[in-house]
Amino acid sequence: MTARGRPAWRRLAWPAVASVPVLFLALFFAFPVGTIIGRGITDGSVLDVLRRRSTGQLLWFTVWQAAASTVLTMAVGLPAAWAVARVDLPGRRLLRALVLVPFVLPTLVVGAALRATFERFGLDGSGGGLRLQDTVWAILLAHLVFNVAVVVRVVGGYWAFLDPRAGEAARVLGASRWRVARSVVAPRLAPALWSAAGIVFLFCFTSFGVILTVGGPGRPTVETEIWRYATQRTDFATAAALAILQLATVVVLVLAVNLLERRTSTGAAARRPVPPARVRSWRRRLEVVAALGPALALVVVPLVVLVERSLAVGDGHGLANYRALGRTTDNGLFVAPLTAVANSLLYAAAAAAVAVVVGGLASVVVVHAGRRPGRALDLALMVPLGTSAVTLGFGMLLALDEPPLDLRSSRAIVPIAQALVGIPFVVRSTVPALRAVDPRQREAASVLGASPVRARLAVDGAVVGRTLLVGAAFAFAISLGEFGATSFLARPDAPTVPVALFRLLGQPGAELRGQAMALGTVLAALTAVSVLVIERLRPRDALGW
Amino acid sequence: MVSAGTGTGAGTGEGLAADGLSLRFGATAAVDDVTLAVAPGEVVALVGPSGCGKSTLLRLLAGLEAPDAGRVAWGGRDLTRRPPDGRGFGLMFQDHALFPHRTVGENVGFGLQVQRVAPPARRQRVAEVLELVGLAGFEGRTIDTLSGGEAQRVALARSLAPSPRLLMLDEPLGSLDRTLRERLAHDLRAVLTGLGTAAILVTHDQEEAYAVADRIVVMRAGRLVRDGPAADVWRHPRLEFVARFLGHDNVLDAPTAAALGVGDGSCPVVVREAAIGLVGADDAGAGGRAARVVDVRFRGATSRVTLEVAGADGGVLLAVHLAEPPPLGPTAVVLDPSQVEPLDRST
């Protein structure tokens, strides 16, 4: 069929498909963020706020803690990445899953678990001993727990594809193991190292839930100050100015990391993961334990303490804390904590559905709509992931308050915000699968008599079903734990679990503390189930694992 | 098991001596009680089918794997527990394993760099070995601009640069096309014999082995089953497996050999092509055996002729290469028992 002979509906098909994700982004991301920037500029407050000495101090502390967290995380994460990617360990899949858990664990759960751990071991200052709670050390530690998974995932995923023989060749040529690490492995890992460090820094720079729960009131960052000015002091001008400052920093950072990644790329990775090496000597076994031990302990200890604390009742153990979740008490929530669980499940399911529809359509456009528009959309969809959640929530609150888009009091606004963060995950898992489809299969279907639409459905549809499910599970898990944007948007009488958890943690009293631990455990369990679903559905040899 | 014949350097304490090397991967023995000696200046080809443990043996010798049993020594000094960087051996990997983030010059100079050779001397040596492999002036090139043959030469230059006392080459020509392979095999022989270092070449291709090495070691399922000068191993393969692997066409089992009158029925035999004389159909009976030409394949200078010779029950297929092939149809053959090589009774 010639291009001229195409029916009108087919010429309009691509723009129609593309319009859904584009409109979604424009309405729910560009418009809110644009509103903040507009607000900050028209008020003339940006320069004013930037000139304050306190702003400089705030930015300095935010950058400082993020940089320190990144260095610590790389130091603990790199050995673990090596062990997981390169060594054939018994129970390798389980170990890997364990190390990766915090990647999707809600920040509030990590915060709650660390608080529980500090209390359990007397590090909260109560016994007059060493105090970690409400110090900068607690922040660094929490970021470490949270982000080791990022390093293991990003660097380990890349490492598994590096041909070990280059290192062996260097050994035979006379290089020591240390020399091989420095001269052969490090230069080839460089793109992954920069990428991991960039992501970790970004997460720590815009970190919110963790800072609020373990850093205490004396340790504000740009992100927490946006939230405080917007919600507690209702000083929208200052909040908007800080949000602009943060957006600018994030943009510069992302561009810099992107540049470093491309500069250091050697483009030389194996097509399939290299099989891991067996452990044959006791020395090697000790090395593996030393490499993996700290990362595992950081993940396992706080979670075990969280569960233990949730079961602690008085001097013994029991399920009283869990039973209390069903009751509406004087807990500062207005509702029973269990209602929050129901809310979260509902919101997360809705967010996953929105993410799958918008992300699925976007993936089709990214793959098939030509290089430039495809790349542009792909990049545009990634931006919300790098934008701070608080800025996003704050922007939606400011922008979507007038008819015809008055969503402020609508329940729909929560899953929409959460979907924005979930969409990139759907796209990331679907695009490679679509790209891997051999176009000759589609041609074969056409030759056998299938219409173009039919051929696409029959060939691409079969492949994409599974990856869409993976994306949906990711979006679901992330929505369950989303706190920054949700804390702005959830109605007080309909809190999600992280919002409820935050309020419970802010209340005094052992009873409510026990309930918080129980609620945190429930949230961790729900997330863990989503992760297990992802692990089962994920294609085995996917590069991104 | 068969005592693999020993090479020239054995027992003198000079050169490489591997003794009783074994390595198991789970239930399979990748390398099983291997004893091998290589004298300085000797070029040995290690041949065997894919997966027989050749590469693993090289990795054991290089120190990249630790053996479950046995030892590796050079010049009488035990190296078994030495790491790869302390052995002074060179290993050229299958598919080359060049460092993609370094230029050709930096790849070739790496071994000298870790030995802290001063930059001017290093540059000189790099230029020297690059010239030796026919790539003079390639120092500044990046790895991704090299053709397959060039990458192979760079890998060779890289393993030669630090002047290893033993050079091991794992399927060095494996990934190249046929014409390039033949040319490079020739060059490789010239380089190795010119240097006078000990060398072990792993290959699954017997032609490549003949082209490069003086001595051939045959490996099967982790064990060395035959070891000797190339011509000797070809002429007296001793084992049916070795005969077939080295490309002998006419290997007959014991009863078949007896039926054709070329054996006493106690062992299998190799009927060398020199043993087979075509005498024409009329001479059947007059010392000749009735046969049929069943297939003629043009091979260039010669043609491969398949004969079906009347045996005990039914025909026996034998192949010969002839410059002027006979037409298809009846013929007769004379078999010369002195050109028939008896093999060991069992393999």
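Look above for the structure.
Below or above, wherever it landed, is the structure these notes cover. Owing to the predicted nature of the structure, the values given are computational and were not obtained by experimental measurement.

**Brief notes about the overall build of chain B**
What chain B contains, in helices and strands, is 9 helices and 18 strands. Considered along the principal axes of its C-alpha atoms, chain B spans approximately 80 × 40 × 35 Å. Burial statistics for chain B: of 347 residues in total, 44% are counted as buried. Look at the contacts in chain B between residues 6 or more apart in sequence, and 65% of them connect residues 24 or more apart.

**Thoughts on the nonpolar core**
By size, the foremost hydrophobic cluster in this structure holds 165 residues, and its most contacted members are Ala 80, Val 148, Val 152, Val 155, Ala 355, Ala 475 and Leu 501 of chain A. If one sorts the elements of this core by residue count, helix α7 (residues 136-159) of chain A sits on top with 17 residues. Contact partners of Val 155 of chain A, with chain neighbours within four places excluded, come to Gly 77, Leu 78, Ala 81, Leu 189, Ala 192, Leu 193 and Ala 196 of chain A. With 109 residues, the next largest nonpolar core counts Leu 173 of chain A together with Leu 16, Leu 130 and Leu 156 of chain B among its residues.

**Overview of the sheet that holds strand β9 (residues 215-220) of chain B**
All names here are of chain B. Judged by pairing direction, the sheet is mixed, and its 6 strands sit side by side in the order β6-β7-β8-β3-β9-β10 without closing on themselves. Each edge of the sheet is formed by a strand with only one pairing partner; in this case those strands are β6 (89-92) and β10 (223-229). Neighbour to neighbour, the strand axes of the sheet diverge by 15° on average, direction disregarded.

**A word on helix α5 (residues 178-195) of chain B**
Residues and elements named next belong to chain B. The terminal C-alpha atoms of α5, which comprises 18 residues, lie 26 Å apart, in line with the 26 Å expected from a rise of 1.5 Å per residue. Buried residues belonging to α5 abut β3 (43-47), α3 (119-132), α4 (148-160), β8 (198-203) and α6 (206-212). Where α5 terminates, the next one or two residues include Gly 196, which has phi positive at roughly 75°.

**Considerations on the interface of chain B and chain A**
Counting residues at the interface gives 18 residues for chain B and 20 residues for chain A. Counting only elements with at least two residues in the side of chain B that touches chain A, the list comes to β6 and α2 (104-114) of chain B. Classifying every residue of the side of chain B that touches chain A by side-chain character gives 13 nonpolar, 4 polar and 1 charged.

**Considerations on the environment of Val 46 of chain A**
Residue and element names in this part refer to chain A. The residue Val 46 is located in helix α3 (residues 45-51) in this model. Accessibility expressed as a C-beta count within 10 Å gives 21 for Val 46, which makes it buried. Spatially, the C-alpha atom of Val 46 lies 7.9 Å from that of Ala 237, the residues being 191 residues apart in sequence. Excluding residues within four positions of it along the chain, Val 46 makes contact with Gly 40, Ile 41, Ala 241 and Ile 244.

**Let's talk about unusual backbone geometry**
Residues and elements named next belong to chain B. We note that Ser 163 has phi near 50°; this positive angle belongs to a residue other than glycine. Note that Ser 163 resides in the loop between α4 and β7 (166-170). The phi dihedral of Glu 171 falls on the positive side, at around 45°, and the residue is not glycine. Relative to the helices and strands, Glu 171 resides in the loop between β7 and α5.

**Let's talk about the packing of helix α6 (residues 107-120) of chain A against helix α22 (residues 497-505) of chain A**
Residue and element names in this part refer to chain A. It is at 10 Å that the axes of α6 and α22 come closest, and there the two elements cross at 30°. One way to sum up the angle between α6 and α22 is to call them roughly parallel. Every pair of crossing elements has a handedness; the one defined by α6 and α22 is left-handed. Facing α6, whose interface residues are Leu 108, Ala 112 and Arg 115, α22 presents Pro 498, Leu 501, Phe 502 and Leu 505. For the contact of α6 with α22, the residue count by class is 6 nonpolar, no polar and 1 charged.

**Here we look at the pairing of β9 of chain B**
All names here are of chain B. Among the 6 residues that make up β9, 5 are buried, leaving the element largely enclosed by the rest of the structure. The pairing of β3 with β9 spans 4 bridges and is parallel. Looking at β9, one finds that Val 44 is bridged to Arg 215. Bridge analysis of β9 against β10 gives 6 bridges, and the strand direction is antiparallel. Of the residues in β10, the one forming a bridge with Val 218 is Arg 226.

The rules we used
Residues numbered from 1 in each chain as written. Chains lettered and ligands numbered in written order. Predicted model: local features only at pLDDT ≥ 70, side-chain atom pairs only at ≥ 80, totals over all residues. Helix = DSSP H or I, 4+ residues; strand = E, 2+ residues; numbered from the N terminus. Buried ≥ 20, exposed ≤ 12 C-beta atoms within 10 Å, placed from the backbone. Contact = placed C-beta atoms within 7 Å. Core = buried A, V, L, I, M, F, W, Y, C linked by C-beta atoms within 7 Å. Pairing = 2+ DSSP bridges. Axes fitted to C-alpha atoms, helices over the stretch in contact; angles between N-to-C directions. Expected span 1.5 Å × (residues − 1). Nonpolar A, V, L, I, M, F, W, Y, C, P; charged D, E, K, R; others polar. Parallel < 35°, antiparallel > 145°, perpendicular 65-115°, else oblique. Left-handed = near helix turned anticlockwise from the far one by under 90°.

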